[in-house]
Amino acid sequence: MKLYRAYGAKGFEIVAVSIDTNIEPGKQAMREDGMTWKSVWDKGSVVTSKYNIVGFHSNFLINEKGKIIGVDVMGQVLQIN
């Protein structure tokens, strides 16, 4: 949320991909938490197959040209002071 608020207007985008089969709890959680970015529910098809998403909490940093520049980046790398 902090990153999105800080960089959303500068072109930073988040696309959430869920592999859950029941999408309603995820949609409700996103509404409650104020997550307004794009979301995809995709168990075993286009997005999950292309990026080999098999579990929860995977993340990819993709540049403006569509190239993956980081995988499962967390912690200090993503923190804003």
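Keep in mind it's a predicted model, so treat the numbers as computed, not measured. (Residues numbered from 1 in each chain as written. Predicted model: local features only at pLDDT ≥ 70, side-chain atom pairs only at ≥ 80, totals over all residues. Heavy atoms only, no water.)

### Details of the environment of M74
Inference 1: Take M74: it is sitting in the segment after β4 (68–71).
Inference 2: Each C-alpha atom of the pair M74 and N59 lies 8.5 Å from the other, and the pair is 15 residues apart in sequence. (Helix = DSSP H or I, 4+ residues; strand = E, 2+ residues; numbered from the N terminus.)

### Quick notes on the packing of aromatic side chains
Inference 1: Summed over all chains, the structure comprises 2 aromatic pairs.
Inference 2: Measuring from centroid to centroid gives 5.0 Å for Y4 and W37, while their planes differ by 70 degrees, and the two rings are edge-to-face. Here Y4 is found in helix α1 (residues 2–7), whereas its partner W37 is found in the loop between α2 (24–33) and β2 (38–41), with 33 residues between them in sequence. Exposure class is identical for Y4 and W37. Each is buried. (Phe/Tyr/Trp six-rings, centres within 6.5 Å; stacked < 30°, edge-to-face > 60°. Buried < 20%, exposed > 50% of the residue type's maximum accessible area, 1.4 Å probe, protein only.)

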